[in-house]
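Chain by chain, the residues:
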Amino acid sequence: MKIAFLYTLEANKLLFRPYINQYLADKSVTISHHVNEQLLKQAMADGLTSNVVNLVQREIHEIAQTGADIIICTCSTIGDAAEKTADITARIIRVDRPMAEHAVLNSSIRVLAALESTIEPTLELLQQCAHQLNQSPAIAYDVIPGAWQYYADGDTVSYAETIARHIEHNEFSGDTIVLAQASMAPAVEYVQHPPITVLSSPVLCCQYLSKLVPSHD
């Protein structure tokens, strides 16, 4: 089986590596990595216009032509556009779908994002998963002030610490915190006393993928 990862941030290749190594390294799977930072830049600048959607889907088609069986779109902002790519034999999975399916089983969810453009697609995904699974969680959200600039500047430690402080210093009612962007995952390691369960997409996605890969034991 061939699994391709599409990143819109070069740094996320490194972020995903430990999860891929943990859940997919011993499987009969070939992993490929593809980076197109322009897709997120365009989405942030213009929104999900038809032009941006076309750019995303053209990228998905090009990756599919490499022979990928599964394509993981690791960017929540463009994930829906990626999944809706037509005329393609590869299965496309947005990285946050397994997390969303897990989260909506709880009665209430707080979505945290570092980037404003991620909120709407994440809320739409949660509502879609809730409908499919016949669930009706209460969903609220926050954009964490000042966090994204650290990431944009390449300071991933301060980025993670800012997210962790937001989690620790705010009172969250409910069951589950959802970290809307894959890039936020390392923040979990910095949270000393999580007030409630914190979910991140890379680990849950790679766990999910490991169950799709045929076993050759």
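Right above here is the structure, for reference.
Just so it is clear, the model here is predicted, and its values are computed rather than measured.

Draft legend 1. Fine view of the pattern of salt bridges. Counted by the stated rule, this structure contains 5 salt bridges. In this structure, glutamate 10 engages lysine 13 in a salt bridge whose closest nitrogen and oxygen atoms are separated by 3.7 Å. Among the ionic pairs, arginine 94 bridges to aspartate 96, the shortest N-O distance being 2.8 Å. Using a relative accessible area of 2% as the deciding quantity, one classes arginine 94 as buried. Judged by relative accessible area, aspartate 96 falls into the buried class, the value being 1%.

Draft legend 2. The arrangement of the nonpolar core in detail. If you look at the biggest cluster of nonpolar residues, it comprises 40 residues, and the most contacted ones within it are Ile71, Leu112, Tyr159, Ile163, Ile167, Ile177 and Leu179. Of all the secondary structure elements, the ones that give two or more residues to this core are strand S1 (2-7), helix H2 (37-46), helix H3 (50-64), strand S3 (70-73), helix H4 (79-83), helix H7 (147-152), helix H8 (156-169) and strand S7 (176-179). For tyrosine 159, the contacting residues outside a window of four places in its chain are Ala114, Ala147, Trp148, Tyr150, Tyr151, Gln181, Ser183 and Met184. Phe16, Leu24, Ile93 and Cys206 belong to the second-largest nonpolar core, a separate cluster that totals 20 residues.

Draft legend 3. Region of the structure containing the sheet that holds strand S8 (residues 197-199). Taking strand neighbours across the sheet as the criterion, the 4 strands line up as S6-S5-S7-S8 in an open arrangement whose pairing is parallel. One side of each edge strand has no neighbouring strand; the edge strands of this open sheet are strand S6 (138-143) and S8. When strand polarity is set aside, the average angle formed by the axes of neighbouring strands in this sheet is 25°. For strand S5 (residues 108-113) and S6, the ladder comprises 6 bridges, and the chain directions are parallel. Bridge pairing in S6 places valine 111 opposite tyrosine 141. Relative to S6, helix H6 (residues 116-132) is tilted by about 165°, and along the sheet it contacts S5 and S6.

Draft legend 4. Local environment of the packing of aromatic side chains. This structure, assessed with the given rule, holds 6 aromatic pairs. Centre to centre, the rings of tryptophan 148 and tyrosine 151 are 5.2 Å apart; their planes meet at 25°, and the pair counts as stacked. With tryptophan 148 and tyrosine 151 both in helix H7 and 3 residues apart, the pair spans about one turn of that helix. No difference in accessibility class separates tryptophan 148 from tyrosine 151, as the two residues are buried. Consider the rings of tryptophan 148 and tyrosine 159, whose centres lie 6.1 Å apart with planes at 80°: the pair is edge-to-face. Taken together, the residues span a long stretch of sequence, with tryptophan 148 in helix H7 and tyrosine 159 in helix H8 at a distance of 11 residues. An identical accessibility class is assigned to tryptophan 148 and tyrosine 159; each is buried. In textbook terms, an aromatic cluster arises when at least three aromatic residues are bridged by ring pairs, as seen for Phe5, Tyr7 and Phe16.

Draft legend 5. Main features of the pairing of strand S2 (residues 30-35). Pairing geometry for S1 and S2, over 6 bridges, is parallel. Bridging from a neighbouring strand, alanine 4 pairs with serine 32 of S2. For the segment spanning S1, helix H1 (residues 11-24) and S2, crossover handedness is right-handed.

Calculation criteria
- Residues numbered from 1 in each chain as written.
- Predicted model: local features only at pLDDT ≥ 70, side-chain atom pairs only at ≥ 80, totals over all residues.
- Heavy atoms only, no water.
- Salt bridge = Lys/Arg side-chain N within 4 Å of Asp/Glu carboxyl O.
- Buried < 20%, exposed > 50% of the residue type's maximum accessible area, 1.4 Å probe, protein only.
- Core = buried A, V, L, I, M, F, W, Y, C linked by side-chain atoms within 4.5 Å.
- Helix = DSSP H or I, 4+ residues; strand = E, 2+ residues; numbered from the N terminus.
- Contact = heavy atoms within 4.5 Å.
- Pairing = 2+ DSSP bridges.
- Axes fitted to C-alpha atoms, helices over the stretch in contact; angles between N-to-C directions.
- Phe/Tyr/Trp six-rings, centres within 6.5 Å; stacked < 30°, edge-to-face > 60°.
- Right-handed = clockwise from strand over helix to strand, strands pointing away.

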